[in-house]
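# Topology and contacts: notes
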Amino acid sequence: SRAPMSKIIIPGTSLNVSPICLGTQQFSGASSTSGDVTWGAIPAARVTAILRAALAAGVNFLDCAEAYGPSAAAERAVGAALAEIMSSGEDGVSRESVVIATKFGVHRPLWELSEAEREASPREYCRMYRGRDVEDAIERSLKNLGVEFIDLYQVHWPVNVDLDDPVATAEVVGALEKARTDGKIRYYGVCNFGSSDLKKFLSAGGKPVTNQLPYNLIHRSIEFGVLPLCRSLGISVVCYSPLQQGLLTARTLASPADLPAGRRRTRFFPSAEFGGAPLACHGGRGFEADLFAGDGGGDGVLRGLAEVAGRNGVGVARAAVGWLLAEEKRKEGVRAVIVGASSVEQVRENVTYWKEPLAVGLVRELDGLTDAFKAKFGPTLDQYAKVSRIDGNVNWNTTGQ
């Protein structure tokens, strides 16, 4: 077993972070009675308890976004919880001991778009920021979080910047660099940037230290190009959706219906026009037959994962997160894994994934078990939109390896 949650330095920075990062999208509905479409509602008191448990367990890395919830509900919930924890003085938590990441970039929910809009370029419905917009967004996030600086400030989606306009992109980069100089942010990164997106951002003078990308056992698309590209460029990868919104857990192996409709909006499930969840807008038929065992007991990727995990004495969730935390993934450029939690018990369970690493043989067996599905799903990075908001998934920097 490993020692208690150790910390790693993100290369090119002084950010000393836990390999497990607490995701906070589940706090998007903290201020509403109806809750978030994906995660429901979590009371403010529970948000505080979750953050307190995470910090006590050595998880010092938090990831948020202005787009999480109405009026940046998640940022405000995190800010209120941190203020309560730090003011009590009981936990020994200071602002300097917590690494806060957040993001700018909003767009209309995909399910609110007309069919014509879904077929059009994402530029038509995603807000593209200019330099002043980024400056204003930083000020809003500082206020929401109740802090004087943000450790890692990220572009949420490539379509939140007009990457086809070098002048507009340079303006955004300039605003980020100025915010660093002014001490409002310490570093900046990007999220969901494909290989073409990165090339345009770098060409405008951008110096992102991280790229936050979807990555898990059944969504290995970044391996086709953008993961090795980031490694060759010295850009650390921070993974999100390690459990594919609950799909990679023992509770959801039997049937797609075991998942709430809000978590069946991705390309793994059929789009609404093919009988899928009403809010699924990607236009594809999904991969349910590949993932789930048939009525006759046929094979499915999820059943195979459960059998391998069980044979090795671990749960499916531990296998999925442990696979990303393995030393093999660290060598490929993966620095941290964002894992959400909606209860204190889940926080404590998440920490065990670090303390009890998977054997090298099991990591390789999990690779082999999901190789065929990786090939079938292909290099698609955007799980939600009909027209991808992410451009490119190739390693164009072959000379940099």
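Here is a short report on the structure shown in this document. (Residues numbered from 1 in each chain as written. Predicted model: local features only at pLDDT ≥ 70, side-chain atom pairs only at ≥ 80, totals over all residues. Heavy atoms only, no water.)

### Quick word on the overall build of the protein chain
For clarity, the cut-off: Put simply, DSSP H or I for four residues or longer makes a helix, DSSP E for two residues or longer makes a strand, and each gets a number counted from the N terminus. C-alpha atoms define the radius of gyration in this analysis, and the globule rule sets the expected value at 2.2 Å times the number of residues to the power 0.38. Relative accessibility thresholds used throughout: buried, under 20% of the residue-type maximum; exposed, over 50%; partly exposed, between the two (1.4 Å probe, protein chains only). In what follows, a contact means two residues having at least one pair of non-hydrogen atoms within 4.5 Å. All accessibility values rest on the Shrake-Rupley procedure with a 1.4 Å probe; residue burial counts only the protein chains present in the view.
Tallying secondary structure elements over the protein chain gives 13 helices and 10 strands in all. Against the 2.2 N^0.38 benchmark of 21 Å for 401 residues, the protein chain shows a C-alpha radius of gyration of 20 Å, consistent with a compact globule. Dimensions of the protein chain along its principal axes, counting C-alpha atoms only, are 60 × 50 × 50 Å. Split into buried and exposed, the 401 residues of the protein chain put 54% on the buried side. The long-range share in the protein chain, meaning contacts at least 24 apart out of those at least 6 apart in sequence, stands at 72%. Counting only carbon and sulfur atoms, one obtains 50% of the accessible surface of the protein chain, whose full area is about 15700 Å².

### Re the packing of aromatic side chains
For clarity, the cut-off: Here a Phe, Tyr or Trp ring, Trp counted by its six-membered ring, pairs with any other such ring whose centre lies within 6.5 Å, and the pair is stacked when the planes are under 30 degrees apart, edge-to-face when over 60, and tilted otherwise. Two limits define a charge over a ring: the Lys NZ or Arg CZ must be within 6 Å of the ring centre, and within 35 degrees of the ring normal.
Summed over the entire model, instances satisfying the criterion amount to 11 aromatic pairs. Pairing Phe 373 with Phe 377 gives two aromatic rings, centres 6.1 Å apart and planes at 40°, and the pair type is tilted. Pair noted here: Phe 373 and Phe 377 are both in helix H13 (residues 360-377), with a separation of four residues, about one helical turn. The class of Phe 377 is buried, set by a relative accessible area of 8%. Its end group placed over the ring of Phe 149, Arg 95 keeps NZ or CZ at 4.1 Å from the ring centre. Here the basic side chain of Arg 127 rests over the ring of Tyr 129, its NZ or CZ set 4.4 Å away from the ring centre.

### As for the state of the cysteines
What counts, and what does not: Pairs of cysteine sulfur atoms within 2.5 Å are identified as disulfides in what follows.
Scanning the entire structure with this criterion turns up zero disulfides. In this model Cys 126 remains outside any disulfide bridge; the closest cysteine sulfur is found in Cys 281, 13 Å from its own.

### Some thoughts on the pairing of strand S3 (residues 20-23)
This is how the line gets drawn: When DSSP finds two or more bridges between a pair of strands, those strands are recorded as paired.
Both faces of S3 are covered, namely the face carrying Ile 20 and Leu 22 and the face carrying Cys 21 and Gly 23. By the bridge criterion, three bridges tie S3 to strand S10 (residues 334-339) in an arrangement that is parallel. Bridge assignment links Cys 21 to a residue of S10, and that residue is Ile 338. Bridge analysis of S3 against strand S4 (residues 61-63) gives three bridges, and the strand direction is parallel. Paired with Leu 22 across the bridge in S4 is Leu 62.

### Digging into the environment of Glu 328
In this fold, Glu 328 is placed in helix H11 (residues 327-331). According to the relative accessible area criterion, Glu 328 is partly exposed, its value standing at 22%. Between the C-alpha atom of Glu 328 and that of Arg 364, which follows or precedes it by 36 residues, the distance is 9.3 Å. When sequence neighbours within four positions are dropped, the list of residues in contact with Glu 328 reads Val 360 and Val 363.

### Details of the packing of helix H6 (residues 195-203) against helix H7 (residues 226-233)
Angle between the axes and distance between the axes: these two values describe a pair of packed helices. Here is the rule: To obtain an axis, a line is fitted to C-alpha atoms, over the contacting stretch when the element is a helix, and the angle between two such axes runs from 0 to 180 degrees between their N-to-C directions. These descriptions rest on fixed angle ranges, namely under 35 degrees for roughly parallel, over 145 for roughly antiparallel, 65 to 115 for roughly perpendicular, and the rest for oblique. Note on residue categories: nonpolar means Ala, Val, Leu, Ile, Met, Phe, Trp, Tyr, Cys or Pro, charged means Asp, Glu, Lys or Arg, and polar means any other residue, Gly included.
One way to put it is that H6 packs onto H7 with a least axis distance of 10 Å and a crossing angle of 30°. Relative to H7, the element H6 is oriented roughly parallel. Residues Ser 195, Leu 198 and Leu 202 of H6 pack against Val 226, Leu 229, Cys 230 and Leu 233 of H7. Per-class residue counts for the contact of H6 with H7 are six nonpolar, one polar and no charged.

### Some points on the sheet that holds S10
The strands making up a sheet associate through hydrogen bonds between their backbones, and the pairing can be parallel or antiparallel. Strand order in the closed barrel made by the eight strands is S3-S4-S5-S6-S7-S8-S9-S10, with parallel pairing throughout. On average, adjacent strands in this sheet sit at an angle of 30° to one another, irrespective of strand direction. Taken together, the three bridges between S4 and strand S5 (residues 99-104) define a ladder with parallel strand orientation. Along S5, the bridge assignment pairs Phe 61 with Val 99. Of the strands in this sheet, S3, strand S9 (236-240) and S10 are in contact with helix H10 (residues 316-325), which crosses S10 at around 155°.

### Some thoughts on the nonpolar core
Rule in force here: For our purposes a nonpolar core is just a set of buried Ala, Val, Leu, Ile, Met, Phe, Trp, Tyr and Cys residues, chained together by side-chain atoms within 4.5 Å.
Core analysis: the biggest nonpolar cluster contains 111 residues, and Leu 51 and Phe 104 have the highest contact counts within it. With eight residues, H10 is the largest single contributor of residues to this core. Setting aside residues no more than four positions away along its own chain, Phe 104 makes contact with Glu 66, Tyr 129, Val 134, Ala 137, Tyr 153, Gln 154, Val 155, His 156, Asn 160, Val 161, Val 172 and Leu 176. Among the nonpolar cores identified, the runner-up in size contains 14 residues, and Ile 10, Phe 61, Val 99 and Ile 338 belong to it.

### Concerning H10
Among the 10 residues that make up H10, 10 are buried, leaving the element largely enclosed by the rest of the structure. The set of residues buried in H10 consists of Val 316, Ala 317, Arg 318, Ala 319, Ala 320, Val 321, Gly 322, Trp 323, Leu 324 and Leu 325.

### A look at the pairing of strand S6 (residues 150-155)
To be explicit about the condition: Look down the strands so they point away from you; if the path from the first strand over the helix to the second goes clockwise, the crossover is right-handed.
Within S6, six of the six residues are buried, which leaves the element mostly enclosed by the surrounding structure. As paired strands, S6 and strand S7 (residues 185-191) are joined by five bridges and run parallel to one another. Looking across to S7, one finds that Leu 152 is bridged to Tyr 187. Read as a crossover between parallel neighbours, the route from S6 over helix H5 (residues 166-181) to S7 is right-handed.

### Quick word on H5
Rules: Under the convention used throughout, the expected extent of a helix is 1.5 Å for every residue step, that is, one less than its residue count. Arc, as used here, means the arc of the directions from the helix axis to the C-beta atoms.
Helix length check: H5, at 16 residues, gives a terminal C-alpha distance of 22 Å against a target of 22 Å (1.5 Å per residue), a fit within 8%. Three or more residues of H5 are buried, namely Ala 168, Thr 169, Val 172, Val 173, Ala 175, Leu 176 and Ala 179. What you see down the axis of H5 is that its buried residues fit within an arc of 150°, all on one side. Exposed side chains of H5 directed beyond 90 degrees from the buried face belong to Pro 166, Val 167 and Thr 181. Looking at the buried residues of H5, the elements they touch are S5, helix H4 (131-145), S6, S7 and H6.

### Overview of the pattern of salt bridges
In a structure, side chains of opposite charge can pair up when their charged atoms sit close to one another. Put simply, the rule is: What counts as a salt bridge is simple: a side-chain nitrogen of Lys or Arg found within 4 Å of a carboxyl oxygen of Asp or Glu.
Overall, the coordinates contain 29 salt bridges when judged by the stated rule. A salt bridge links Arg 108 to Glu 117, with the shortest nitrogen-to-oxygen separation between them at 2.9 Å. On the basis of relative accessibility, which here comes to 36%, the residue Arg 108 falls in the partly exposed class. The exposure class assigned to Glu 117 is partly exposed, which follows from its relative accessible area of 24%. For Arg 220, the salt bridge identified is with Asp 367, shortest N-O distance 3.8 Å. Highlighted residues: Arg 220 in the loop between strand S8 (210-214) and H7 and Asp 367 in helix H13, separated in sequence by 147 residues.

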